[in-house]
Amino acid sequence: MDEGEPGVVPAVESTAEDIAEMRTRGAATIADAAAAALATQADRSTAETPAAFRRELRAAARTLYETRPTAVSLPNALRYVLRGMDGDTVADLRASTIARAEAFQRDLAQAQETLGEIGANRLQDGDVVMTHCHSTDALSCIEAALEDGKALEAIVKETRPRKQGHITARQLREWGVPVTLIVDNAARRYLDRTDHVLVGADSIAADGSVINKIGTSGLAVNARERGVPLMVAAQTIKLHPDTMTGHTVEIELRDESEVLTGEERASIVDSESTGGDEGDRSPETDGALTVENPAFDVTPARYVDAIVTERGQFPPESIVTLMRELFGETTDEPWEA
Ligand SMILES: O=P(O)(O)OC[C@H]1O[C@H](OP(=O)(O)O)[C@H](O)[C@@H]1O
């Protein structure tokens, strides 16, 4: 992340840090926070000329953009807000940017609610739903089904390494849903009593493949083998327009410390095997033990039964039609202008 771009207000820097450190996480929540941060930048900017104001907003957007690479909701949110920045005076630019960011946040909340109502139609009274990670879009479907009077049960995957499954379990218990929490490795066993696998998405590619929390693709393959449908709840802000022109989605690699503590590393790589001193156990010196921690994986379209958006539910192979309609053929990065 670029530190301290000129004119970027501290509140934007701290939003960016919260996203990078995952204190603010989840694709929709990140998009909401990014739009709010641009509104704050517009509000607190001390720029005296329209050109300086625009430069500051672009710098703020860059600061936010460079936090995490996989969830396309972030650049989609930044692009949407910056495109609404309009006017010949600083006052007009400020007002239009704030209004656009607020509209974005309103639409985001509305889209999630609509999506939930659509997704709820797939869930029947008495169904058992298996979840992976924590997705507000996926939970919106469950909430709407509960509001329709359907009784549901949930099998919640823990979701290593950060255990966001606990957030899902807490929310479901608040809604009174019986929850069985399982370790990720137990998923296939519990698919025997699962009616639906329900996950969110960080990005959806033009070919209908779904980029979501690491472990989704293995779960999808197992679900298909067991005949359990996989439903992806994803607002259209998760559609990745660059993939229409062949761009691949970057998978975020996170820090080793989420997987292995220093003590655990030391217990694996002892001084005998490194041939070094007791204290010589840093990741740099223990080069032969590599820990990789990809945050996401790609589930091919053929394992996905439906992508539920606020515009309706789609077979994954047809999502490109919606993508073209919403984004056109090309995208730009207005923060680089
Ligand atoms: O937008 P909503 O549905 O809330 O979340 C979508 C996805 O964002 C999360 O990523 P992370 O926890 O930020 O790495 C999960 O992968 C989740 O499925």
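Residues numbered from 1 in each chain as written. Predicted model: local features only at pLDDT ≥ 70, side-chain atom pairs only at ≥ 80, totals over all residues. Heavy atoms only, no water.

### Details of empty space enclosed by the protein
- By the definition in use, this model includes three cavities of 30 Å³ or more.
- In this structure, the largest cavity occupies an estimated 210 Å³ of space.
- What lines the largest cavity is a set of 21 residues, and nearest its centre among them are Arg25, Gly26, Ala27, His134 and Asp202.
- Elements supplying a minimum of two residues to the lining of the largest cavity: helix H2 (27-44), helix H6 (136-147) and strand S6 (210-213).
- Split into classes, the residues belonging to the lining of the largest cavity amount to six nonpolar, nine polar and six charged.
- Composition of the lining of the largest cavity by domain shows at least three residues from each of domain 1 (10-114) and domain 2 (121-244 + 294-327).
- In this model, the second largest cavity occupies a volume close to 60 Å³.
- What lines the second largest cavity is a set of 13 residues, and nearest its centre among them are Pro161, Arg162, Lys213, Glu258 and Ala295.
- Residue classes in the lining of the second largest cavity are distributed as five nonpolar, three polar and five charged. (1 Å grid on protein atoms, 1.4 Å probe; cavity = no way out; pocket = protein on both sides within 12 Å on 5 of 7 lines; lining within 4 Å. Points joined across faces, edges and corners; volume = space filled by probe spheres on them. Helix = DSSP H or I, 4+ residues; strand = E, 2+ residues; numbered from the N terminus. Nonpolar A, V, L, I, M, F, W, Y, C, P; charged D, E, K, R; others polar. Domains from an automatic or database assignment.)

### Details of the sheet that holds strand S9 (residues 306-309)
- Within the open sheet, the seven strands sit side by side as S3-S2-S1-S4-S7-S9-S10. Their pairing is mixed. Each of the sheet's edge strands pairs with one partner strand only, and the pair in question is strand S3 (179-182) and strand S10 (312-314). Sheet twist, expressed as the mean angle between neighbouring strand axes with direction ignored, is 25°.
- Here strand S1 (residues 128-131) runs beside strand S2 (residues 153-157); their pairing, made up of four bridges, is parallel. Counterpart to Thr131 in the pairing with S2 is Val156.
- Across the face of the sheet, helix H9 (residues 216-226) comes into contact with S1, S2, strand S4 (196-199) and strand S7 (230-233) while running at roughly 160° to S4. (Pairing = 2+ DSSP bridges. Axes fitted to C-alpha atoms, helices over the stretch in contact; angles between N-to-C directions. Contact = heavy atoms within 4.5 Å.)

### Quick word on the site of the ligand
- The local shell around the ligand holds 19 residues, among which Arg25, Thr136, Asp202, Asn212 and Lys213 are the closest.
- Note that an oxygen atom of the ligand is positioned 2.8 Å from one of the side-chain N or O atoms of Arg68.
- Between the ligand and the protein, one listed contact pairs an oxygen atom with a side-chain N or O atom of Thr136 at 2.5 Å.
- Relative to its free-state accessible area of 450 Å², the ligand is covered by the protein chains to the extent of 100%.
- Of all the cavities here, the one that holds the ligand is the largest cavity.
- Elements supplying a minimum of two residues to the shell around the ligand: H2, H6 and S6. (Near = heavy atom within 4 Å. Polar contact = N/O pair within 3.5 Å; in protein donor to acceptor, adjacent residues only side chain to side chain. Areas by Shrake-Rupley, 256 points an atom, 1.4 Å probe, with all protein chains shown as cover. Sits in = over half its atoms within 2 Å of the grid points.)

### A look at the pattern of salt bridges
- By the definition in use, this model includes 17 salt bridges.
- Ionic pairing is found between Glu258 and Arg162, a salt bridge with its closest N-O pair at 2.4 Å. Placement of the pair is Glu258 in the loop between S7 and helix H10 (262-268) and Arg162 in the loop between S2 and helix H7 (165-174), with a sequence separation of 96 residues.
- The class of Arg162 is partly exposed, set by a relative accessible area of 34%.
- In the salt-bridge network here, residues are joined through shared partners; they are Arg68, Arg162, Glu252, Arg254 and Glu258. (Salt bridge = Lys/Arg side-chain N within 4 Å of Asp/Glu carboxyl O. Buried < 20%, exposed > 50% of the residue type's maximum accessible area, 1.4 Å probe, protein only.)

### Notes on the packing of H2 against helix H5 (residues 90-120)
- Where H2 meets H5, the axes come as close as 8 Å, and the angle between the chain directions of the two elements is 165°. By the angle between their directions, the pair H2 and H5 is classed as roughly antiparallel. Between H2 and H5 lies a crossing of left-handed hand. Within the contact between the two elements, H2 uses Ala28, Ala31, Asp32, Ala35, Ala36, Leu38, Ala39, Ala42, Asp43 and Arg44 and H5 uses Arg94, Thr97, Ile98, Ala101, Phe104, Gln105, Leu108 and Gln112.
- Grouping the constituent residues of the contact of H2 with H5 by class yields 11 nonpolar, three polar and four charged. (Parallel < 35°, antiparallel > 145°, perpendicular 65-115°, else oblique. Left-handed = near helix turned anticlockwise from the far one by under 90°.)

### Section: the confidence of the model for the protein
- When pLDDT is averaged along the protein, the result is 94; 93% of the residues meet or exceed 70.
- Predicted complex, confidence summary: ipTM 0.98, pTM 0.93. (pLDDT = per-residue confidence, 0-100.)

### Considering H7
- Among all positions in H7, only Gly165, Thr168, Ala169 and Leu172 are buried. On an axial view of H7, the arc spanned by its buried residues comes to 100°, and they lie on one face. In H7, the exposed positions angled more than 90 degrees off the buried face are occupied by Arg170 and Glu174.
- Buried residues belonging to H7 abut S1, H6, S2 and S3.
- Positive phi shows up at Gly176, right after H7, with a value of about 85°. (Arc of directions from axis to C-beta.)

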